[in-house]
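Chain by chain, the residues run as shown.
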Amino acid sequence: MVLKPNNLKGSVPGILCIPGSGRTKEGLVGEPAVCSNLSEDYADPKVSMALNMVKEGYVAVAVDNAAAGEASDIECFGRGQDYDYDVVSRVLLELGWSWLGYTSYLDMQVLEWMKEQSYIRKDRIVVSGFSLGTEPMMVLGVLDKSIYAFVYNDFLCQTQERAIVMTKPNSAGRRPFPNSIRHLIPEYWKYFNFPDVVASLAPRPIIFTEGGLDRDFRLVQSAYSVCGASENVEFHHYAKYVDPKLRNDVEHLPEGLDANTYFGLVNVDPPSHYFKNEWVIPWLREILKE
């Protein structure tokens, strides 16, 4: 879905908006979903990322994640916004793909289309990801060096560590996998971690809006410093953890954690997980002001 500013003249920056796991492109643009069971609180600015962007004078392009929203299967008849990513992910893995690889491939087609539009400045394209959407955002950033800037609206974490430490048995006596198989990319963890991938985006501008461990931010900051672009990376924490004295700052986490304990140790406040307009919009105004 493409939103253009009123009275658009010439070309303006374009923002590719990628939703979180339970979100849809319709929610991002402030409209009801394709069926009522999939609709979000689309009038809430904390949901309508793309609508917020077009009000700032940018062209906003909103997409669905693979297997979600209009691209979902039978969720509108029962599961609603609880999209069944696992079945699609399993089939893709059997085919030698991955969910993240496939959804990033789809997003790349939209990104290439954006570059061809006369009303979008192809030298000022920003990719904005919320929650799950930060993952294809990172992939696009690695593959396409022409992307100008990035919005990382989630907490930054080390994915291998998360798998190792979130191992507390559940009530059935089973150790749960810390995330769904949509995050599984064969052999990925042998070489990369999310902070590594984000660091590789330097020196292009990026904003983080929901914290994480300062340990991981220091790695990203060091990459930007080496590139002589320290001013191009901006970090924000959840309000609960703005004060450094209230943040956990460690190099290693203990094993045997459940999800709630893990989130607390990595400075995450799950009830306050939303699109942070208060940080993103002023930042975009600054980096796109020319």
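Details of the structure are given in the entry above.
Each chain has its residues counted from 1, following the order in which its sequence is written. Where totals are concerned, whole chains, interfaces and linings use all residues; where local detail is concerned, this predicted model gives features only for residues with pLDDT of at least 70, and gives and counts side-chain atom pairs only at 80 or more. Calculated side-chain values reflect all of the structure's heavy atoms, with hydrogen atoms and water omitted.

Asks: I'm lost on helix α5 (residues 134–143) in this one. Help?
Replies: A 1.4 Å probe rolled over the protein chains alone gives each residue an accessible area, and that area as a share of the maximum for its type sets the label: buried under 20%, exposed over 50%, partly exposed in between. Secondary structure elements are defined from DSSP: runs of H or I of at least 4 residues count as helices, runs of E of at least 2 residues count as strands, and each element is numbered from the N terminus. Within α5, seven of the ten residues are buried, which leaves the element mostly enclosed by the surrounding structure. Taken as a whole, α5 has its buried residues at T134, E135, P136, M137, M138, L140 and G141. Two residues qualify as a contact provided that any one of their heavy atoms is within 4.5 Å of a heavy atom in the partner residue. Taken together, the buried residues of α5 touch β2 (12–18), α4 (99–115), β4 (120–130), β5 (149–153) and α7 (194–199).

Asks: Hey, could you run me through unusual backbone geometry in this one?
Replies: Backbone geometry follows two general trends: most residues other than glycine have a negative phi, and most peptide bonds adopt the trans configuration. For the peptide bond that leads from A202 to P203, omega is 10°, which places it in the cis range. Tracing the backbone shows P203 in the loop between α7 and β6 (206–208). With phi around 60°, N7 is a residue other than glycine that occupies positive phi space. Note on N7: relative accessible area 72%, which makes it exposed. A positive phi angle, near 55°, is found at S131, a position not held by glycine. Along the chain, S131 falls in the loop between β4 and α5. Taking relative accessible area as the criterion, S131 reaches 16% and is therefore assigned buried.

Asks: When you look at the environment of W97 in this model, what are you seeing that I'm missing?
Replies: Along the chain, W97 falls in the loop between α3 (85–94) and α4. With 87 residues separating them along the chain, W97 and L184 place their C-alpha atoms 10.0 Å apart. Setting aside residues up to four positions removed in sequence, W97 forms contacts with L92, Y102, Y105 and P186.

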